[in-house]
Number of protein chains: 2
Amino acid sequence: MSHDTKLIDLFDRLARVAGNDRTAQGLNPVQWEALRFFARANRFSRNPSGLRQYLGVTKGTVSQSIIVLEKKGLLKKVPDSRDRRGVEVRLTAAGRKLLVDDPLNRWREDLAVLSAAQRKSLEATLEHLLRAALQHRERQPFGFCRDCVHFARDEASGAPHFCALLEVPLSDEDSQLICREQAPG
Amino acid sequence: MSHDTKLIDLFDRLARVAGNDRTAQGLNPVQWEALRFFARANRFSRNPSGLRQYLGVTKGTVSQSIIVLEKKGLLKKVPDSRDRRGVEVRLTAAGRKLLVDDPLNRWREDLAVLSAAQRKSLEATLEHLLRAALQHRERQPFGFCRDCVHFARDEASGAPHFCALLEVPLSDEDSQLICREQAPG
DNA sequence: CCTTTAAGTATCGACTCGATACTTAAGTAC
DNA sequence: GTACTTAAGTATCGAGTCGATACTTAAAGG
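The paragraphs below set out a description of the structure included in this document. (Residues numbered from 1 in each chain as written. Chains lettered and ligands numbered in written order. Predicted model: local features only at pLDDT ≥ 70, side-chain atom pairs only at ≥ 80, totals over all residues. Heavy atoms only, no water.)

Quick look at the pattern of salt bridges
For the structure on display, the rule yields 28 salt bridges over all chains. Between A:D110 and B:R137 there is a salt bridge whose closest N-O contact spans 2.9 Å. Of the two residues, A:D110 sits in helix 6 (residues 106–111) while B:R137 sits in the loop between helix 7 (116–136) and strand 3 (151–153), which places them in two different chains. Classification of B:R137 by relative accessible area gives buried; the value is 12%. Two residues, B:D174 and B:R43, come together in a salt bridge whose shortest N-O distance is 3.0 Å. Within this pair, whereas B:D174 is found in helix 8 (residues 172–175), its partner B:R43 is found in the loop between helix 2 (29–40) and helix 3 (48–55), the two being separated by 131 residues in sequence. Residue class for B:D174 comes out buried when judged on its relative accessible area of 7%. Several salt bridges share partner residues, and in doing so they unite A:K6, B:E127 and B:R131 into one network. (Salt bridge = Lys/Arg side-chain N within 4 Å of Asp/Glu carboxyl O. Helix = DSSP H or I, 4+ residues; strand = E, 2+ residues; numbered from the N terminus. Buried < 20%, exposed > 50% of the residue type's maximum accessible area, 1.4 Å probe, protein only.)

Re the relation of the copies chain A and chain B
Superposing chain A onto chain B takes a rotation of 180 degrees plus a shift of 0.0 Å along the axis, which leaves an RMSD of 0.1 Å. Look at the turn and shift together and you get a two-fold axis relating the two. Minimal C-alpha distance to the rotation axis in chain A is attained by A:A15, lying at 2.5 Å. (Least-squares fit on C-alpha atoms with pLDDT ≥ 70 in both.)

Concerning the nonpolar core
One finds A:W107, A:L126, B:F11, B:W107 and B:L126 to be the most contacted residues of the largest nonpolar core, which totals 34 residues. Elements with a contribution of two residues or more to this core: helix 1 (5–20), helix 6 and helix 7 (116–136) of chain A together with helix 1 (5–20), helix 6 (106–111) and helix 7 of chain B. Not counting the four nearest positions on each side in its chain, A:W107 is found in contact with A:L14, A:V17, A:A18, A:D21, B:I8, B:L129, B:A133 and B:R137. Residues B:A41, B:V57, B:L69 and B:L99 belong to the second largest nonpolar core, which totals 22 residues. (Core = buried A, V, L, I, M, F, W, Y, C linked by side-chain atoms within 4.5 Å. Contact = heavy atoms within 4.5 Å.)

Some points on unusual backbone geometry
The phi dihedral of A:E138 is positive, around 55 degrees, even though this residue is not glycine. When you line up the elements, A:E138 lands in the loop between helix 7 and strand 3 (151–153).

Section: the environment of B:T92
All names here are of chain B. With respect to the helices, strands and loops of the structure, T92 is situated in the loop between strand 2 (87–91) and helix 5 (93–99). As a C-alpha pair, T92 and A159 span 67 residues in sequence and 27 Å in three-dimensional space. The residues touching T92, leaving out its near neighbours within four places in the chain, are G73, L74, L75 and K76. Of the polar contacts made by the side chain of T92, one reaches the backbone oxygen of G73; its length is 2.7 Å. (Polar contact = N/O pair within 3.5 Å; in protein donor to acceptor, adjacent residues only side chain to side chain.)

Some remarks on the protein's contact with DNA strand C
The immediate surroundings of DNA strand C are formed by 22 residues, with A:N28, A:R84, B:K59, B:S63 and B:K77 found nearest. What you see for DNA strand C is that sugar and phosphate hold 67% of its atoms within 4 Å of the protein. In the model, a phosphate oxygen of DNA strand C is placed 2.8 Å from a nitrogen or oxygen of the B:S63 side chain. Here a base nitrogen of DNA strand C sits 3.0 Å away from a polar atom, N or O, in the side chain of B:R85. Here the surface near DNA strand C gets five residues from one element, more than from any other, and that element is helix 4 (residues 59–71) of chain B. Classifying every residue of the surface near DNA strand C by side-chain character gives five nonpolar, ten polar and seven charged. (Near = heavy atom within 4 Å. Nonpolar A, V, L, I, M, F, W, Y, C, P; charged D, E, K, R; others polar.)

Structural notes on the interface of chain A and chain B
Facing the 56 residues of chain A at the interface are 56 residues of chain B. Carbon and sulfur atoms supply 59% of the area buried between chain A and chain B, which totals about 6000 Å² over both sides. When residues of chain A are sorted by the area they lose upon contact with chain B, A:R13, A:R16 and A:R137 head the list and together hold 12% of the total. Our count for the chain A to chain B interface comes out at twelve salt bridges. Here the side of chain A that touches chain B is built from residues that sort into 25 nonpolar, eleven polar and 20 charged. (Buried area = accessible area lost by both parts, 1.4 Å probe.)

What to know about the protein's contact with DNA strand D
Close contacts around DNA strand D come from 22 residues, with A:K59, A:S63, A:K77, B:N28 and B:R84 the closest. Those atoms of DNA strand D that come within 4 Å of the protein belong to sugar or phosphate at a rate of 69%. A:K59 places a side-chain nitrogen or oxygen 2.8 Å from a base nitrogen of DNA strand D. Within the side chain of B:N28, one N or O atom sits 2.9 Å away from a sugar or linking oxygen of DNA strand D. Counting only elements with at least two residues in the surface near DNA strand D, the list comes to helix 3 (48–55) and helix 4 (59–71) of chain A together with helix 2 of chain B. Ranked by residues supplied to the surface near DNA strand D, first place goes to helix 4 of chain A with five residues.

These figures come from the coordinates and say nothing about function on their own.
In structure tokens:
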């Protein structure tokens, strides 16, 4: 019985409660997570292997989930012009519309019981913890493009920004999305 | 894009990462949760409907999970002497032994990146949040017996403690377990 | 008694998820 | 170029979760 037992139990319990109200609008937990991911991932990340990395599951699993969401008309696949093995996954208008009723939004009401200072502090602590946990498990942080070590702002190249890792220009929109290659700077 | 979006995303992501390493020792997430629950629930709570309330799933689901764990030799069912419809679920020696290698323990290492003050603050905040979330969803908090409004310490009745709701004497051990009837005082 | 309610089980169908095997396309070596 | 290797994605299978439904048994209350 170490001193962190209660904290771990709280995580476990919160995760379970969150999981419980994730089945809504006919979508199950993983489908919601996939929808959220593709809505927020940049063009280097919004493909099946990006989701695979994000969720930490096998490619067969994500392949199935994407096919189901495609059948529901919430996602559509577009061939990748640069690599013909790959596909780009995009939300349809129906997908974006459904995301407005994300069951995770229920937590906004719950978070209201905390003060602004508490929420701020909680956010910083959880971010720290998540980063450590992902590093420990050798997984990518999937942070914002603009917070990356490879991000160069206001390049003279014409485009507003630039990625020094992939060596491509970046739009303003790109910089505000999450990226599988992101390394916190 | 409300201001709590990032906080909700952090919860979602932490929950997913925690879920990923919950498949260990041949047990899946729900089986681990059941094992943990029965190890910590008091005698009024360690039955199928207690787990049902705790996890927020249907009785058919918990019935199946318990049967699987019984077949694995980690749990055993004992008829309830007071109510012949009910059963008491107890961990076997093998169950207790397995719990030592709970994959959730991996978080202890991750929590080490936080200072003692941060952990303390995090614990208080999460407890507050969980309580609000459970109340919002009309679910029981499953707190410690000793922290309950119905708990009476050092009764003159002979037993060390007493539950004013169920009107039964309580041992010291009872008071340190979680209870489905618990109402925070 | 008889009706209602509660605890638990049995069964079904839809889905997740890991594992395995497969297809197609890049990348690289020669 | 041809051959080998690696990567992206799909197809399929089996075990398990989970809600829904129907059922059995027992308690509880007129």
